[in-house]
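In case you want the letters, here they are:
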Amino acid sequence: MSRAINKISSQAVPVHIENVDTDQIIPARFLKATSREGFGDNLFRDWRYNSDNTPKKDFVLNNPTYTGKILVGGKNFGCGSSREHAAWAIKDAGFDVVVSSFFADIFKNNALNNFLLPVTVSEDFLQKIFAAIGEDPKTTIDVDLEKQTISVDGHSENFEINNYKKTCLLNGYDDIDFLLSIRGEIENFEHRHAAN
């Protein structure tokens, strides 16, 4: 399965809540596992399920009206502890992109390392996204990593991303894959400098 991300055109799931911390994304009691699989089932566990494990009808992830590969969160998404499992849970739940007007740095880096694209937009643009989805849950959001643009309802905005991470996401590379991709350049550099 390809991990590469370039253009994503998808409906979105809106979590219109600010200051979503990593313990809300994946509660600490689920951190014992060491493989990345299965975390999606417990994404937003305490918001999604009652204590008897029945789904809470009023939580967006339990509403079949909202689907897609894009999760839209409120400002300051991924704050709190540095657990990488938060990115695992979002990715395992089927999301490739998470959008917010501000991400905690550690969450952002964990997301990028796990082929989950964090797209930072202005607060104004974020509210446009929430409004568009509120008006029509089937609204499509277009994310173009190559051009670094996100578009909804005729509105578009550019987003920033580290060039190295962009290259990795476009090609589906982790850090080792990237080094292997430039192996020839590394060997040429070594040969040139070995003579000195």
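First things first, this report covers the structure right here in the doc. A quick note: this is a predicted structure, and the numbers were derived from the prediction, not measured. (Residues numbered from 1 in each chain as written. Predicted model: local features only at pLDDT ≥ 70, side-chain atom pairs only at ≥ 80, totals over all residues. Heavy atoms only, no water.)

## Thoughts on the nonpolar core
In this structure, Val72, Val99, Leu117, Ile141 and Ile150 are the most contacted members of the largest nonpolar core, which totals 26 residues. In terms of residue count, helix 5 (residues 123-135) provides more of this core than any other element does, six residues in total. Setting aside chain neighbours within four positions, we find Val99 in contact with Ile70, Leu71, Val72, Gly73, Val119, Val121, Leu126, Ile129 and Ile150. (Core = buried A, V, L, I, M, F, W, Y, C linked by side-chain atoms within 4.5 Å. Buried < 20%, exposed > 50% of the residue type's maximum accessible area, 1.4 Å probe, protein only. Helix = DSSP H or I, 4+ residues; strand = E, 2+ residues; numbered from the N terminus. Contact = heavy atoms within 4.5 Å.)

## Digging into helix 3 (residues 85-92)
Of all eight residues in helix 3, six are buried; the element is thus mostly enclosed. Every buried residue of helix 3 is listed here: His85, Ala86, Ala87, Trp88, Ala89 and Ile90. Residues of helix 3 that are buried in the fold lie against helix 1 (22-25), strand 3 (70-73) and helix 4 (105-113). Residue Gly94 follows helix 3 closely and has a positive phi angle near 105°.

## Some words on the sheet that holds strand 6 (residues 141-144)
Strand order in the open sheet formed by four strands is 1-6-7-8, and the pairing between neighbours is antiparallel. Edge positions in the open sheet fall to strand 1 (7-10) and strand 8 (155-158), since each of these has one partner strand only. Averaged over all adjacent pairs, the angle separating strand axes in this sheet is 10°, with direction ignored. Contacting strand 6, strand 7 (149-152) and strand 8, helix 5 crosses the sheet at an angle of about 40° to strand 7. (Pairing = 2+ DSSP bridges. Axes fitted to C-alpha atoms, helices over the stretch in contact; angles between N-to-C directions.)

## Regarding the environment of Asp105
Looking at the element boundaries, Asp105 is found in helix 4. Its relative accessible area of 57% is what places Asp105 among the exposed residues. For Asp105 and Ser82, which are 23 residues apart along the polypeptide, the C-alpha to C-alpha distance reads 9.3 Å.

## A look at the pattern of salt bridges
Enumeration over the complete set of coordinates arrives at four salt bridges. Measuring nitrogen to oxygen at the nearest pair gives 2.6 Å for the salt bridge that ties Asp96 to Lys91. Looking at Asp96, the relative accessible area reads 16%, which means it is buried. Several salt bridges share partner residues, and in doing so they unite Lys69, Lys91 and Asp96 into one network. (Salt bridge = Lys/Arg side-chain N within 4 Å of Asp/Glu carboxyl O.)

## A word on the pairing of strand 8
Note that strand 7 and strand 8 share four bridges and pair antiparallel. When the sheet's bridge partners are listed, Ile150 is paired in strand 8 with Glu157. Between the end of strand 7 and the start of strand 8, which pair antiparallel, lie two residues, with Asp153 showing a positive phi angle near 50°.

## A few points about the sheet that holds strand 5 (residues 117-120)
The strands that make up a sheet pair up through hydrogen bonds in the backbone, lying either parallel or antiparallel. Read from one edge of the open sheet, four strands run 2-3-4-5, paired in parallel fashion. The open sheet terminates on both sides in strands that have one partner only, identified here as strand 2 (12-15) and strand 5. Each adjacent strand pair in this sheet contributes to an overall mean axis angle of 20°, direction not counted. Strand direction decides the pairing type here: strand 4 (residues 97-100) and strand 5, joined by four bridges, are parallel. Across the sheet, the residue bridging to Val98 is Pro118, located in strand 5.

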